[in-house]
Amino acid sequence: MWCCRPSFQLHRGVGREEVMSSTLVETVSINYEDFNESFLTCGTCLCSFDGGEHTPKLLHCSHTVCLHCLTRIVASHAREDGTFRCPICRESIRIPSGGVAALPPSFLVNQLLDLMSRQRREVIPKCSTHANQVTSRLNEASDAVRTEMHQLDHAADATFEEVNRAFQAIVDVIEQRREAVVANVKKMRDEKKKVLQDQLDIIEAERRKVQQECEGLQYQVEVRNITKKIAHLNTKIDSLATLVEPRENAFLKFENGRGEAFDQVRATVEDYGRVATSRTFPSLCFMKAKKAMTHLRSEVVVTAVDYEGQTQQAGGDPMEATVTTEGGDTVESQVEDNQDGTYSVFFTPEQGGLHNVAVKVFGRPVKESPLSVEVLDEHNPETVYGSRGSGRDQFLQPVGICLDEDGYLYVADTGNSRIKVLSPQLREVQHIVGDALEGRSVTGITRTPAGSLVFVNWRKRTVTEVTSSGQLLSQFTHDRLQEPTALAVNALGEILVADNAANSIFVFLAGGKLVRHWGARGSKPGQLGSVAALCTGPENEVVVADSRIQVFSPEGQFLRTIFETKGKGPKGTYGGLFLDPRGLLLATRQERNHSCIQVFDYTLGTLIFTIDSREAKLKRPSGLAATPDGYVIIVDLGNDCVKKFRYM
């Protein structure tokens, strides 16, 4: 029997004279399957190279990958800079302008394919190994189907038991109700019967008394006594009139609620219970990863598909997921059914690098599982708005920022002596200008509980309140103010102003009345340096940032330090503070060669992570504010722009 084991003849000359007289021929026997698997199979999908969908493409790292795999990798893992990683060596590969199809072909693999094709034509394959492989695969398929049928029988039996238990529970409830109603009928009957029996006993007692009195009347001889007895009996007759009518009635009736109430019960029972099933075919379901970054909630979307390739329109599939790091550590994950045929696998990676997301439906893996998801360490901005200048869409030394409940952004464009109003999409809406903004010295801006804007002008030493459209509401100053730079408004409507020259926090009522103040210059706990930002906590406590972050009571008593640089080296400075409703404290921080956004757990006082953009580096980040959907918008003073990052 011939075996699919093509021979490659290698000719080697032994010497010039020997070549003229004879030729030495060496024959090397190579196993066809081994050769095909080693050289003619894509190492990513394990499919044989061909001239169609699995055309071999040569990467500049010298590895060969089929066109199908490259198309899939680029579709799901292409980077924003137009590159992707080689699935074999992870080297960065630039995508040609014509896409992966424009990558050069692997000429060596194509030549080997031609050679193997000629060998197959020359040798008639009658290899028993292939037949055995086919038979083995068919046996595996048969076993898999039989196993699924066996599991189906078990699932049906378990469902039968659940149905019986559920409906028996309803029967038990109905029977309990029937017994309760019957018992109530008996109770009412007995109560009524007792009243009637008591009345009957009274009647019988009176009857005996009358009979005794009548019997005694027969022996009376004096007319006077007889007359007296007769009068007594007449009175008795009149008094017995109340005993003639039964003191209780015999009315008992079961009201079964036929009509609307009965129809509701019947409809409830008729609609009770549902047998859930699915036509999802796991190996056709596909996965797609969204952009993943460390410390942020990342998502992989799984789309359910049936055997005919149709996407499902409803949920309910028992889907399970496991997320692991490159090192094999498990990352906590949750699967959420979107009820539209898609399922979201959520996880929050703590480290960068590749993460494997394995998903199973009915205990069987879906297509592309496990999916490799690249988690990025850097947190680049979703949006960058603005440039240096004084025109539209431009800033000049922007410092403060605040958001209203509709998502509109108010930026203190300090160098242009104005407040720029931006839409939630970061599009310019209008400018607020006025005398109170003049002098290029408005450094702090915030909102009141009523929705108005309050800002401080350190050069004019004024605190001004305007409407969201810029209409002046009030303005005040105070002789204690020397260099007011930052401010906040607590839940009581009190205005807190940080003064860097006085190294104090002043608390004013809305009209400008000073109600309290505290502060002393220094670096000890409770003392103040150059305060850059203020915000208030849920109990109206005051959070103050200079080179560290400290928390004070509403009256100014020092409570705790959240963050402080240790050691004798240069200390960084803060530019903005924001406490979100979830209890996360966000702060912008600038150090000598590094600027970032810090995210703290406000209650615990622990640093959770930092946001440090590599593609759009921060330069003197200042004020910031967070949106309800998990984005933080900061003012980048050094770059004269506004940047929007995802922090949740």
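Details of the structure are given in the entry above.
Just so we're clear, the structure is a prediction, and the values are computed from it rather than from any experiment.

So what about the environment of T41? Which residues, and what values?
Its location among the elements puts T41 in the loop between α2 (32–39) and β3 (56–58). Spatially, the C-alpha atoms of T41 and P56 are 9.1 Å apart, while their sequence positions differ by 15 residues.

With reference to specific residues and values, describe the environment of R521.
Within the secondary structure, R521 sits in the loop between β31 (514–518) and β32 (533–536). With a relative accessible area of 61%, R521 lands in the exposed category. Ignoring sequence-local partners within four residues, the contact set of R521 consists of N503, Q527 and L528. Of note is the side chain of R521, whose polar atom sits 3.5 Å from the side chain of N503.

Residues and numbers for the sheet that holds strand β27 (residues 472–476), please.
The strand order across the open sheet built from four strands is β24-β25-β26-β27, with neighbouring strands paired in antiparallel fashion. Taken across any chain shown, the strands that pair with only one partner, and hence form the sheet edges, are β24 (442–447) and β27. Here the strands of the sheet are splayed against their neighbours by 20° on average, with no regard to which way each runs. In this structure, strand β26 (residues 462–466) lies alongside β27, joined through four bridges in antiparallel fashion. Bridge assignment links E465 to a residue of β27, and that residue is S474.

How would you sum up the environment of P538? Please name residues and give values.
Inspection of the secondary structure assignment puts P538 in the loop between β32 and β33 (542–545). The exposed category is assigned to P538, whose relative accessible area is 64%. Sequence separation between P538 and P581 is 43 residues; the distance between their C-alpha atoms is 8.9 Å. Filtering out sequence-adjacent residues up to four positions away, P538 remains in contact with L579 and Y602.

With reference to specific residues and values, describe helix α3 (residues 67–77).
All of the buried residues in α3 are C69, L70, I73 and V74. Seen along its axis, α3 keeps its buried residues to an arc of 125°; they face one direction. In the core, the buried residues of α3 are packed alongside β3, β4 (64–66) and β5 (83–85).

Go over a nonpolar patch on the surface with me, naming the residues and quoting the values.
On the surface, a nonpolar cluster with roughly 240 Å² of combined accessible area is contributed by V163, F167 and Y272. Accessibility expressed as a relative area gives 34% for V163, which makes it partly exposed.

Describe the state of the cysteines, with residues and values.
Under the definition given, this model contains zero disulfides. Between C86, a cysteine without a disulfide, and C61, which holds the nearest cysteine sulfur, the sulfur-to-sulfur distance is 3.7 Å.

Mind laying out the nonpolar core, listing which residues take part and the relevant values?
Ranked by internal contacts, the top residues of the largest apolar core, which has 21 residues, are M287, V300, V345, V357, V359 and V373. Elements with a minimum of two residues in this core: β7 (286–289), β9 (298–303), β10 (319–325), β13 (342–347), β14 (353–361) and β16 (371–376). In contact with V345, not counting residues within four places along its chain, are S298, E299, V300, V302, A321, V323, S333, Q334, V335, V357 and V359. C42, L59, L70 and L112 belong to the second-largest nonpolar core, a separate cluster that totals 20 residues.

Tell me about the side chain of H54, and name the residues and values.
As for its position among the elements, H54 is in the loop between α2 and β3. On the basis of relative accessible area, H54 is assigned to the buried category, the value being 11%. Not counting chain neighbours up to four residues away, the residues in contact with H54 comprise C45, C47, S48, F49, C66, L67 and H68.

Explain the pattern of salt bridges residue by residue, including any values.
Within this structure, the stated rule accounts for 28 salt bridges. Notably, a salt bridge pairs R582 with D580, separated by 3.6 Å at the nearest N-O pair. When its relative accessible area of 41% is taken as the criterion, R582 is described as partly exposed. Note that E591 and R589 form a salt bridge whose closest N and O atoms lie 2.9 Å from each other. Residue class for E591 comes out partly exposed when judged on its relative accessible area of 34%. Connected through shared salt-bridge partners, R79, R85 and E374 make up one network.

Residues and numbers for the pairing of strand β34 (residues 548–552), please.
Of all five residues that make up β34, five are buried, and the element is covered over most of its length. Burial along β34 is two-sided: the residues R548, Q550 and F552 and I549 and V551 are all buried. Bridge count for β33 against β34 is four bridges, and the pairing is antiparallel. Bridged to V542 within β34 is F552.

Run through unusual backbone geometry, naming residues and quoting values.
Cis geometry marks the peptide bond from S369 to P370, where omega comes out at 0°. Locating P370 in the fold gives a position in the loop between β15 (364–365) and β16. At L46, a residue that is not glycine, the phi angle is positive and equals roughly 65°. Its location among the elements puts L46 in the loop between α2 and β3. With a relative accessible area of 65%, L46 lands in the exposed category. The backbone of F362 sits at a positive phi, close to 55°, despite the residue not being glycine. When you line up the elements, F362 lands in the loop between β14 and β15. The class of F362 is partly exposed, set by a relative accessible area of 28%.

Break down the packing of aromatic side chains for me, with residues and values.
Under the defined criterion, the tally for this structure stands at nine aromatic pairs. The interplanar angle of 85° and the centroid separation of 5.1 Å between the aromatic rings of F281 and Y307 together place this pair among those described as edge-to-face. Placement of the pair is F281 in the loop between α8 (260–270) and β7 and Y307 in the loop between β9 and β10, with a sequence separation of 26 residues. Aromatic ring contacts, followed pair by pair, group F476, F506 and F508 into a single cluster. The lysine or arginine in question, R297, covers the ring of F346, its NZ or CZ lying 3.7 Å from the ring centre.

Can you explain the side chain of T303? Please cite residues and give values.
Turning to its location among the elements, T303 is positioned in strand β9. The exposure class assigned to T303 is buried, which follows from its relative accessible area of 13%. Filtering out sequence-adjacent residues up to four positions away, T303 remains in contact with C285, F286, T311, G341 and T342.

Residues and numbers for the sheet that holds strand β22 (residues 418–422), please.
Reading across from one edge, β20-β21-β22-β23 is the order of the four strands in this open sheet, with antiparallel pairing throughout. Two strands lie at the open edges of the sheet, namely β20 (398–403) and β23 (428–432), each paired on one side alone. Ignoring strand direction, the axes of neighbouring strands in this sheet form an average angle of 20°. When β20 meets strand β21 (residues 409–413), the two strands line up antiparallel, connected through four bridges. Note that in β21 the partner of C402 across the bridge is Y410.

Conventions adopted
Residues numbered from 1 in each chain as written. Predicted model: local features only at pLDDT ≥ 70, side-chain atom pairs only at ≥ 80, totals over all residues. Heavy atoms only, no water. Helix = DSSP H or I, 4+ residues; strand = E, 2+ residues; numbered from the N terminus. Buried < 20%, exposed > 50% of the residue type's maximum accessible area, 1.4 Å probe, protein only. Contact = heavy atoms within 4.5 Å. Polar contact = N/O pair within 3.5 Å; in protein donor to acceptor, adjacent residues only side chain to side chain. Pairing = 2+ DSSP bridges. Axes fitted to C-alpha atoms, helices over the stretch in contact; angles between N-to-C directions. Arc of directions from axis to C-beta. Patch = residues over 30% accessible without salt bridge, like charges linked within 9 Å, V, L, I, M, F, W, Y side chains within 5 Å. Areas by Shrake-Rupley, 256 points an atom, 1.4 Å probe, with all protein chains shown as cover. Salt bridge = Lys/Arg side-chain N within 4 Å of Asp/Glu carboxyl O. Disulfide = S-S within 2.5 Å. Core = buried A, V, L, I, M, F, W, Y, C linked by side-chain atoms within 4.5 Å. Phe/Tyr/Trp six-rings, centres within 6.5 Å; stacked < 30°, edge-to-face > 60°. Lys NZ or Arg CZ within 6 Å of the ring centre and 35° of its normal.

Read these as geometric descriptors, not functional statements.
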